[in-house]
Structure formats: structure tokens, C-alpha cells
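Observations on the three-dimensional arrangement
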Amino acid sequence: MIVSTISILAGFGLLVWGADRFVMGAAALARNLGVQPLLVGLTVVGFGTSAPEILVSGTAAVQGNPGLAVGNAIGSNIANIGLILGFTSILAPLTVHSDTLRREYPLLLGVSIGAWLLMSDGMLGRLDGGILLLGLVAAMVLVVRIGLARGAGDPLVAEFEAEIPKGIDTRAAVGWFLVGLLVLLVSSRILVWGAVNIAQFFGVSDLVIGLTIVAIGTSLPELAASVASALKNEHDIAIGNVIGSNLYNLLAVLSLPGLLAPAALSQEVLSRDLPVMLLLTSALYILGRGFRGPGRINRLEGLVLLAGFVAYQIWLFRDHVPPGTLGGPA
């Protein structure tokens, strides 16, 4: 139990550090190759901040724990909106000016509904995984076209220009990229091993561990990035990090258990977890898109999002922690 807990904590710490190095190296390399800052931010940075979820879910699926992989994908989306945006907007109310992001809200909502429809038959199979992966390609093409259409007038351009690392030569960028990737690979294996052991010790499913501990832990890079961006008044990046991460979680992360370990889904995924994810995604669409001017998430709305996330975690705890275990319901 102690060793498993240490491995989870070490895995989280290494995931955060590795993701930061991975993003820094990839973004600097792309800049050095002449890629526009907006495209770097929309694609490379978005993929990099989702790399922990991708590698953890891939590792879990390969090791025969598809429930943990599915829980990580869905739970991370719930955490990104409820915990990260909720907490961030309490610290600094968020206002969205980017037309690029305004066009991505319906895309995220549509992808969320599409993923729910694919899984509504109670299975996540290879065909589902393949469709999600093709959806990833289509979504990235669409996001790039939206970004290019807006051009230099979009506020995201200046914000990404300020954030993408400068002064890192190509050799160093490649080195940091490879170091970050290696650390991500190792830490994901450490984290999955510890998480599975913890689940077995407490008698809860891999799905619940994925929805709680693992989902929150792999969302830490997004939390750090969104809070830092909000405090620097880069509100569009703060929300853009969440939108991009959620798209990758549904299309890249969720495709892995379907492709690598096809399995039946727990009924609770359909009746509890996906509806909560859709509810929060719809709330983000309504709050952030802004139908009469810029989209806003104020402190009160952030508090509601955060309270919803806490209520969901309590729901999971009461449903799945065995009686008498750490205060579980008798």
C-alpha cells in the first residue's frame, strides 16, 4: 500500500515535469521550423498537455485495464471543466475574446455527443476506436482551418506568441522533447501500476480509480497552465487549454482502449459518467461561447462548476468505497 501510494505520487510528479519538458521541446522545435505560433498552440501544445492522459490510457489498455483507460478519458474531461476552469475562474474571472475559441465550443460539444452515441450500445470496440481516431484527424484539420481563417487578428495569436519558448536552438529542443517523452512513458507505467494496486486494495474498480485519482492527476498540467495563463491575463489560452485537452481526451485518449483492449462498458459509464461530462460540456458551451458579446465565466459560475465537480466526486465515493473503508457508507 505504501509503495503503491509512493508510486502514484512519483508518477504524478514525473508526469507534470515530463509533460512540461515535452511541450517546451515540441513547441520550440515547431517554432524553429517556421510553424505559425497560432498553429503551434492549437496543435502541438494541445497534444502535449494531453500527453499524460494518452500515455496513461494506452499503458492501462495494453496491461488489460481498459476501465482505467476509459475512466481517465471521461474523468479528465469532467475535471478539466469542473475543477480546472471552476478553480481558475474563481481566482481570475475569465473572458473569451478569441473567435477561434468561439468556433471550437460547438465542435467540442458535437464531439462529446458523438462519443456518447458511439458508446451508447455498451461497447467500446475497435470500430469505435477507429472512428474516434479518424475524428481526431478531422477535428485537427478543422481547428487549423479555423485558426488560419482568423489570422493575425485573433487575440490567441499574441498570447501564444508570448508563451511559446524562445531562444532554444533546434538541438536542445529535440533533446527536451525526447527527455520529456521518455519521462512520460516511464511515469505512466509507474502511475498505472500504483493505481491498479490501490484499486485492488480498496476493492474498487479500475474505472473509479481512473475517474478520480488518475483523472485528477493527469489533469495537473492543464491546471497549472490554465491558472498561470489566467493570472497573466491570457484568458483565451486558459480556456483554450481545456477545450483542446478535452478534444484530445475524447478522440485520442478514448480511442486507445477501443483499439487496444475492446471491452464492454460498465453501465455506470452510460448512466452516470457520460451524462455528467455532457452536462459540464454544455455548461461550458453556454457560459463561454457568449451569444451577446464575449463569453464570460465569472466567480459565481466558477464556484458552481467547482461545486458540481466536488458533488460528482462525493457521488463516486459513496457509491463505490466499501462500507467501513475510509468512512465509506455503512
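Quick notes on the rules
Residues numbered from 1 in each chain as written. Predicted model: local features only at pLDDT ≥ 70, side-chain atom pairs only at ≥ 80, totals over all residues. Heavy atoms only, no water. Helix = DSSP H or I, 4+ residues; strand = E, 2+ residues; numbered from the N terminus. Rg over C-alpha atoms; globule rule 2.2 N^0.38 Å. Buried < 20%, exposed > 50% of the residue type's maximum accessible area, 1.4 Å probe, protein only. Contact = heavy atoms within 4.5 Å. pLDDT = per-residue confidence, 0-100. Core = buried A, V, L, I, M, F, W, Y, C linked by side-chain atoms within 4.5 Å. Phe/Tyr/Trp six-rings, centres within 6.5 Å; stacked < 30°, edge-to-face > 60°. Lys NZ or Arg CZ within 6 Å of the ring centre and 35° of its normal. Axes fitted to C-alpha atoms, helices over the stretch in contact; angles between N-to-C directions. Parallel < 35°, antiparallel > 145°, perpendicular 65-115°, else oblique. Left-handed = near helix turned anticlockwise from the far one by under 90°. Nonpolar A, V, L, I, M, F, W, Y, C, P; charged D, E, K, R; others polar. Patch = residues over 30% accessible without salt bridge, like charges linked within 9 Å, V, L, I, M, F, W, Y side chains within 5 Å. Areas by Shrake-Rupley, 256 points an atom, 1.4 Å probe, with all protein chains shown as cover. Salt bridge = Lys/Arg side-chain N within 4 Å of Asp/Glu carboxyl O. Expected span 1.5 Å × (residues − 1). Polar contact = N/O pair within 3.5 Å; in protein donor to acceptor, adjacent residues only side chain to side chain.

When helices and strands are counted, the protein chain shows 13 helices and four strands. In terms of overall dimensions, the protein chain is globule-like: its C-alpha atoms have a radius of gyration of 19 Å, near the 20 Å expected for 330 residues. Overall, the protein chain is about 55 × 45 × 40 Å in size when its C-alpha atoms are taken along their principal axes. Expressed as a percentage of its 330 residues, the buried residues of the protein chain come to 55%. Considering only contacts within the protein chain whose residues lie at least 6 apart along the sequence, 86% involve residues at least 24 apart.

One can find Ser76 in helix H3 (residues 66-91). Owing to a relative accessible area of 0%, Ser76 belongs among the buried residues under this scheme. Excluding its chain neighbours within four sequence positions, the residues that come into contact with Ser76 are Glu53, Gly71, Ala215, Thr218, Ser219, Asn246 and Asn249.

This part takes up the environment of Met140. Mapping Met140 onto the fold places it in helix H5 (residues 126-150). Accessibility expressed as a relative area gives 14% for Met140, which makes it buried. Put simply, Met140 and Tyr248 are 108 residues apart on the chain and 9.5 Å apart in space, counted from C-alpha to C-alpha.

Now for the confidence of the model for the protein chain. The pLDDT averaged across the protein chain works out to 86; a share of 92% of its residues lies at or above 70. Per-element averaging of pLDDT across the protein chain places helix H6 (residues 155-163) at the bottom with 70 and strand E2 (residues 123-124) at the top with 95. Scored below 50 in pLDDT, residues 324-330 shows 14 contacts in the model against residues more than four places distant or in partner chains.

By size, the foremost hydrophobic cluster in this structure holds 67 residues, and its most contacted members are Ile74, Ile78, Met119, Ile239, Ile243, Leu254 and Leu284. Broken down by element, this core gets its largest block of residues, eleven residues, from helix H10 (residues 235-253). Among all residues touching Ile239, those that are not within four sequence positions of it are Leu85, Leu94, Val96, Tyr105 and Ile297. By size, the runner-up hydrophobic cluster in this structure holds 21 residues, among which are Phe12, Phe22, Ala199 and Val214.

Within this structure, the stated rule accounts for three aromatic pairs. A centroid spacing of 6.2 Å and a plane angle of 70° characterise the contact between Trp17 and Trp176, whose relative ring orientation is edge-to-face. Taken as a pair, Trp17 in helix H1 (residues 2-32) and Trp176 in helix H7 (residues 170-202) lie far apart in primary sequence, 159 residues in all. Since its relative accessible area comes to 39%, Trp17 is described here as partly exposed. Sitting over the face of the ring of Trp176, Arg21 holds its NZ or CZ atom 5.1 Å from the ring centroid.

Between helix H4 (residues 99-119) and helix H12 (residues 267-289), the least distance of the axes is 9 Å, while the angle of their chain directions is 165°. In terms of orientation, H4 and H12 fall into the roughly antiparallel class. Between H4 and H12 lies a crossing whose hand is left-handed. Contact with H4, carried on its side by Arg102, Tyr105, Pro106, Leu108, Leu109, Ser112, Ile113, Trp116 and Met119, involves Leu270, Leu274, Met277, Leu278, Thr281, Ser282, Leu284, Tyr285, Gly288 and Arg289 of H12 and no other residues of that element. A per-class count over the contact of H4 with H12 returns 13 nonpolar, four polar and two charged.

Okay, a nonpolar patch on the surface next. Together, Trp17, Trp176 and Val179 make up an exposed nonpolar region whose accessible area comes to about 260 Å². Assessed through its relative accessible area of 31%, Trp176 is described here as partly exposed.

It is worth spelling out H7 at this point. With 33 residues, H7 should cover 48 Å at 1.5 Å per step; its first-to-last C-alpha distance of 47 Å lies within 8% of that length. Sitting at the amino-terminal end of H7 is Asp169, which places a side-chain oxygen 3.3 Å from the backbone nitrogen of Arg171. Two residues or fewer after H7 comes Gly203, characterised by a positive phi angle close to 70°.

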